[in-house]
Amino acid sequence: MQDEEQGADGETGAPAWMATFSDLATLLLTFFVLLLSFATMDIQNFQTALGSVKEAFGVQFETRGNFETRSTSIIELSQKESNRRITVVDSEGSVIQSLRRKLKRMGLEDKVSVFKGDRGITLRLDDMVLFGLGSGRLREAAYSVLNAISEIAGEMQGPLSIEGHTDDSPIRSAKFPSNWELSTARAASVVRYLIDRTGMRSDRLQAVGLAHIKPIAPNNSPENRARNRRVEFVFLRAGPRPISPKKTIL
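Residues numbered from 1 in each chain as written. Predicted model: local features only at pLDDT ≥ 70, side-chain atom pairs only at ≥ 80, totals over all residues. Heavy atoms only, no water.

On the basis of which strands lie adjacent, the open sheet formed by 5 strands has the order 3-4-7-5-6 and mixed pairing. Looking at which strands have only one partner, the edges of the open sheet turn out to be strand 3 (112-116) and strand 6 (205-209). With direction set aside, neighbouring strand axes in the sheet form an average angle of 20 degrees. Pairing of strand 5 (residues 160-165) with strand 7 (residues 230-236), which is carried by 6 bridges, proceeds in the antiparallel orientation. Looking across to strand 7, one finds that Ser161 is bridged to Val234. Strand contacts of helix 6 (residues 142-154): strand 3, strand 4 (120-126), strand 5 and strand 7, with the helix running at about 175 degrees to strand 4, the strand carrying the most contacts. (Pairing = 2+ DSSP bridges. Helix = DSSP H or I, 4+ residues; strand = E, 2+ residues; numbered from the N terminus. Axes fitted to C-alpha atoms, helices over the stretch in contact; angles between N-to-C directions. Contact = heavy atoms within 4.5 Å.)

Structure below.
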């Protein structure tokens with residue numbers, strides 16, 4: 001019996017060609033099963049699977065069926081964030097346009113200019129609109145202008161800095177020894193009027209005298225010097241609030 005199971009060379013088991021035949025049969029079976037699976041594949045499931053691959057690479061897709069789903073890529077989210085920042089920045093631009101329309105309705109577009117500065121929205125007036133030459137006392141014609149600015153300030157938020165500016169021409173008088181005293185007195189006169197006559201809160205206001213140190217034009221002609229003599233109302237975007245006065249106990 002043992003002699004019958006042995007081959008001619010004395011080896012036991014199946015012939016060597018059987019291993020190759022078994023591998024070939026397994027491969028053929030796998031091939032036909034694969035063909036069958038492709039022939040009966042659900043197209044809807046295939047599209048869903050393909051959409052998952054697209055989503056992983058940040059591609060927008062739709063899947064059709066009883067309901068519709070959407071996927072937003074990371075790139076689109078970044079675009080939305082960028083648009084939000086632009087909206088915040090442009091909001092000041094829309095406020096400036098609104099202020100210009102308001103000033104035009106008030107008939108002040110030739111007296112008050114509006115622009116966006118580094119610290120916030122600024123209203124700028126030539127000094128002759130509010131004061132006489134070398135004077136720190138408000139003109140009566142300035143009252144209507146300041147009343148209009150007070151109305152505008154009531155619609156704005158944050159602290160308001162009133163800043164006086166002069167040209168570089170020296171001034172020497174008993175009341176104003178230099179341009180520092182003159183520019184500060186003018187800013188203080190405006191603040192006092194806004195508090196006493198329009199009822200603005202004093203803790204929102206501050207008076208600043210800057211003399212000739214921040215010109216907007218070279219002081220090389222009468223026209224440019226007139227431009228530098230101005231009063232600015234700066235609606236501060238951020239920064240320290242005006243210092244509240246403290247009582248001194250003697």
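Looking along a regular strand, one sees the side chains alternate between the two faces of the sheet. In terms of residue burial, strand 5 counts as a mostly covered element, since 6 of its 6 residues are buried. The β-α-β motif built from strand 5, the intervening helix 7 (residues 179-198) and the parallel element strand 6 has right-handed crossover chirality. (Buried < 20%, exposed > 50% of the residue type's maximum accessible area, 1.4 Å probe, protein only. Right-handed = clockwise from strand over helix to strand, strands pointing away.)

Turning our eyes to something else, we now look at the pairing of strand 7. Most of strand 7 sits inside the fold, with 7 of its 7 residues counted as buried. The side-chain alternation of strand 7 yields two buried faces, one formed by Arg230, Glu232, Val234 and Leu236 and the other by Val231, Phe233 and Phe235. In this structure, strand 4 lies alongside strand 7, joined through 7 bridges in antiparallel fashion. Residue pairing for strand 7: Asp126 is matched across the bridge by Arg230.

What follows covers the side chain of His165. Positionally, His165 belongs in strand 5. Those residues in contact with His165 that lie beyond four places of it in its chain are Ser183, Leu210, Ala211, Lys214, Asn228, Arg229, Arg230 and Glu232.

Turning to the confidence of the model for the chain, a few remarks are in order. In this model, the chain carries a mean pLDDT of 79, and residues with pLDDT of at least 70 account for 68%. Counting interchain partners and residues more than four positions distant, the pLDDT-below-50 stretch residues 1-5 has 2 contacts. Scored below 50 in pLDDT, residues 67-89 shows 16 contacts in the model against residues more than four places distant or in partner chains. (pLDDT = per-residue confidence, 0-100.)

Quick look at a nonpolar patch on the surface now. Residues Leu24, Leu28, Phe31, Phe32 and Leu35 make up a contiguous nonpolar surface patch of roughly 510 Å² in combined accessible area. Along the chain, Leu35 falls in helix 2 (residues 17-39). Judged by its relative accessible area of 44%, Leu35 falls in the partly exposed class. (Patch = residues over 30% accessible without salt bridge, like charges linked within 9 Å, V, L, I, M, F, W, Y side chains within 5 Å. Areas by Shrake-Rupley, 256 points an atom, 1.4 Å probe, with all protein chains shown as cover. Salt bridge = Lys/Arg side-chain N within 4 Å of Asp/Glu carboxyl O.)

The next subject is helix 6. Each α-helix turn comprises 3.6 residues. Residues three or four places apart therefore point the same way. Here helix 6 spans 18 Å end to end across 13 residues, near enough to the 18 Å set by a 1.5 Å rise per residue. Every buried residue belonging to helix 6 is among Ala142, Val145, Leu146, Ala148, Ile149, Ser150, Ile152 and Ala153, and all of these are buried. (Expected span 1.5 Å × (residues − 1).)

Turning to the packing of aromatic side chains, a few remarks are in order. Tallying each qualifying case throughout the model produces 2 aromatic pairs. Relative to Phe32, the ring of Phe31 has its centre 5.7 Å away and its plane inclined at 65 degrees; by these criteria the two rings are edge-to-face. Judged by centre distance (5.1 Å) and plane angle (10 degrees), the ring pair of Tyr143 and Tyr193 falls under stacked. Remark: Tyr193 occurs in helix 7 and Tyr143 occurs in helix 6; sequence separation between them is 50 residues. The exposure class of Tyr143 is partly exposed, given its relative accessible area of 26%. The residue whose ring lies beneath Arg197 is Tyr143, and the NZ or CZ to ring-centre distance is 5.2 Å. (Phe/Tyr/Trp six-rings, centres within 6.5 Å; stacked < 30°, edge-to-face > 60°. Lys NZ or Arg CZ within 6 Å of the ring centre and 35° of its normal.)

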